[in-house]
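# Breakdown of the fold
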Amino acid sequence: MSGTTDSYKTNFTETKDIVFKIFRYEPDVNPKPHFDTFTVPVVKGWTVLDAVMYIKENLDSTVSYRASCRMGICGSCAMEINGKPRLACQTQVISELRSKEVVIKPLANYPVLRDVVPDLTPLIEKHADVRPYILRKDKKVEVNPKGELYQTPDQLEEYLQFSYCIKCGACLAACPVTGADVKFIGPQALTQSYRYSVDTRDDGFKLRLEVMDHSHGVWHCHFAGACSEACPKGVDPAFAIQLFKREITARKFGKEVEPARLARQPADVKRRENIPYAPEKTVKQ
Amino acid sequence: MRDSMFWFWHLMAAIVILIVLSIHFGVMHLEGILQMFGIMSAGDVRSYAEVLVRAKTVAYLVIYLLLMWFALYHGFYGLRSIIVEMSDKMSKAGEIVVGWSIFLFGLGLAIYGSYVIIAGFVLANA
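Parameters at a glance
- Residues numbered from 1 in each chain as written.
- Chains lettered and ligands numbered in written order.
- Predicted model: local features only at pLDDT ≥ 70, side-chain atom pairs only at ≥ 80, totals over all residues.
- Heavy atoms only, no water.
- Helix = DSSP H or I, 4+ residues; strand = E, 2+ residues; numbered from the N terminus.
- Rg over C-alpha atoms; globule rule 2.2 N^0.38 Å.
- Buried < 20%, exposed > 50% of the residue type's maximum accessible area, 1.4 Å probe, protein only.
- Contact = heavy atoms within 4.5 Å.
- Areas by Shrake-Rupley, 256 points an atom, 1.4 Å probe, with all protein chains shown as cover.
- 1 Å grid on protein atoms, 1.4 Å probe; cavity = no way out; pocket = protein on both sides within 12 Å on 5 of 7 lines; lining within 4 Å.
- Points joined across faces, edges and corners; volume = space filled by probe spheres on them.
- Nonpolar A, V, L, I, M, F, W, Y, C, P; charged D, E, K, R; others polar.
- Buried area = accessible area lost by both parts, 1.4 Å probe.
- Salt bridge = Lys/Arg side-chain N within 4 Å of Asp/Glu carboxyl O.
- Polar contact = N/O pair within 3.5 Å; in protein donor to acceptor, adjacent residues only side chain to side chain.
- Core = buried A, V, L, I, M, F, W, Y, C linked by side-chain atoms within 4.5 Å.
- Domains from an automatic or database assignment.

Next up on the list: the overall build of chain B. The helix and strand inventory of chain B stands at five helices and zero strands. Ordering the α and β elements of chain B from the N terminus gives α-α-α-α-α. For 126 residues, the compact-globule formula gives about 14 Å, and the C-alpha radius of gyration of chain B, at 18 Å, lies well above that figure. Seen through its principal axes, chain B has C-alpha atoms that stretch 55 × 35 × 20 Å. Burial analysis of chain B (126 residues in total) assigns 34% to the buried set. Look at the contacts in chain B between residues 6 or more apart in sequence, and 70% of them connect residues 24 or more apart. Of the accessible surface of chain B, which amounts to about 7,900 Å², a share of 78% is contributed by carbon and sulfur atoms.

Structure (structure tokens):
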């Protein structure tokens, strides 16, 4: 413990005491949730995750949280910070929150496993429901394509923004419809459904429509926009959902979309000798 | 009909309501402004004679039928959405029952409302 504390201290230039109120819930020990308060000497530049790690390492080792990459890529550390779902690793304590007190709770609209660790099963299940991968009518092309599928840079732009989702779950926590209706498919799954539906390589629009086009599907979005505000990656799920509504309606009224064709394998070319071959597949089909 | 079509007609209904309700509001509640610009002739729009003139007009018959049908659809679609959203433990069968109950209730109101509007038109022209 002292070594860790020292490593923090060596970086201290000027500290500011910030009070952290952390939601505590351990169903096996005490079924009643409560808040624990810790005073943390925060240095300029610290994120909320830094402060929570400081608490765990120096003040209370029983505090549970989920984190991994510490750089806004994995999405593990999403939690409710001062009333908003955010990534703890991307939230600056001093310059961003500008508050003497920081309240940390688990993401809303999810069951809580312990302290600020939510059970993300609803997110994962809904995500899986929309089949977030390239679907083709020809299963041979879907499973083992013999060439590349044509796609222009403009066609890539159609869905690129929506493919930056890191599945942190912040959008579902912010969504008021998800709060009222647990069956609502939710902004994350809807965005991914749109992302694959407008991918020219995909041919699974009709299959996905079965999951989207019902009373708890895409039409249930109130367009509150809270998901887009919460998204730490700028995916803008609310925008994707509105585009998806337009796309579904257009296809209902006869818009035809031809999925991308396989590019022909190049003929009359000779492989250069110095190009190494790809390693053998680890999974044999 | 899938929810996509319900939603599409919900939007279409909103557009129709916007147009016909604007006409209704203009004639019934903003007549002072319209009269000021010379768009409407001066007079009390709620007087018996003025009401009778409107009741005889085919254009008003169409406007009020459209307003009633589309407002009923728009409102009851919204009601169905609220009920389905607030009852997330409701089974699929329950949702179908709610949907059909609302549809039949709305249909009854539409038939009765149409009868009143058309009867008014016929009587005014008799």
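Before going further, it helps to spend a moment on the layout of surface pockets. Reported here for the largest pocket is a volume of approximately 740 Å³. Lining the largest pocket are 23 residues, and of these F6, Y73, R80, G99 and F103 of chain B lie nearest its centre. Sorting elements by how many residues they give to the lining of the largest pocket places helix α5 (residues 92-125) of chain B first, with 10 residues. Per-class residue counts for the lining of the largest pocket are 13 nonpolar, four polar and six charged. When its volume is computed, the second largest pocket comes out at roughly 410 Å³. Elements represented by at least two residues in the lining of the second largest pocket include exactly α10 (205-212) and α12 (237-252) of chain A. At four residues, α10 of chain A tops the list of elements feeding residues into the lining of the second largest pocket.

Turning next to the interface of chain A and chain B. When the parts of a complex come together, some accessible area is lost, and that lost area is often used as the size of the interface. Contacts between chain A and chain B engage 19 residues on the former and 17 residues on the latter. For the pair chain A and chain B, the summed buried area comes to about 1,500 Å², and 57% of that belongs to carbon and sulfur atoms. In this structure, the connection of chain A to chain B is made through zero salt bridges. Scanning the region where chain A abuts chain B turns up eight residue pairs in polar contact (both at pLDDT 80 or more). Within the residue set of the side of chain A that touches chain B, elements represented by two or more residues are α8 (176-180), α10 and α12 of chain A. With four residues, α12 of chain A is the largest single contributor of residues to the side of chain A that touches chain B.

Another aspect to go through is the nonpolar core. Residue and element names in this part refer to chain A. Counting residues in each nonpolar core, the largest one holds 42 residues, and the members touching the most others are F20, I22, V40, V48, V102 and I104. For this core, the elements supplying multiple residues, two or more each, are β1 (15-26), β2 (30-43), α2 (48-59), β3 (78-81), α3 (93-97), β5 (101-105), α7 (170-174) and α11 (226-230). Structurally, this core is a two-domain feature, drawing no fewer than three residues from each of domain 1 (7-118) and domain 2 (121-252). When residues no more than four places from it in sequence are discounted, the contact partners of V48 are F20, I81, A88, T91, V93, L97 and I104. Core analysis: the second largest hydrophobic core is formed by 28 residues, F184, Y194, M212 and V218 among them.

A few words now on the domain arrangement of chain A. Residues and elements named next belong to chain A. Assigned domains within chain A: domain 1 (7-118) and domain 2 (121-252). One C-alpha centre belongs to domain 1, the other to domain 2, and the line joining them spans 30 Å. The interface of domain 1 with domain 2 comprises 14 residues on the first partner and 16 residues on the second. Taken together, the two surfaces of domain 1 and domain 2 that pack against each other cover about 1,000 Å², and 57% of this comes from carbon and sulfur. Its largest share of buried area at the contact with domain 2, domain 1 owes to P85, N109 and Y110, together 50% of the area lost on that side. On the surface where domain 1 and domain 2 come into contact, there are zero salt bridges. Counting every contact that joins domain 1 to domain 2 gives five residue pairs in polar contact (both at pLDDT 80 or more). Among the elements that make up the side of domain 1 that touches domain 2, the one with the highest residue count is strand β4 (residues 84-87) (three residues). Split by residue class, the side of domain 1 that touches domain 2 holds nine nonpolar, four polar and one charged.

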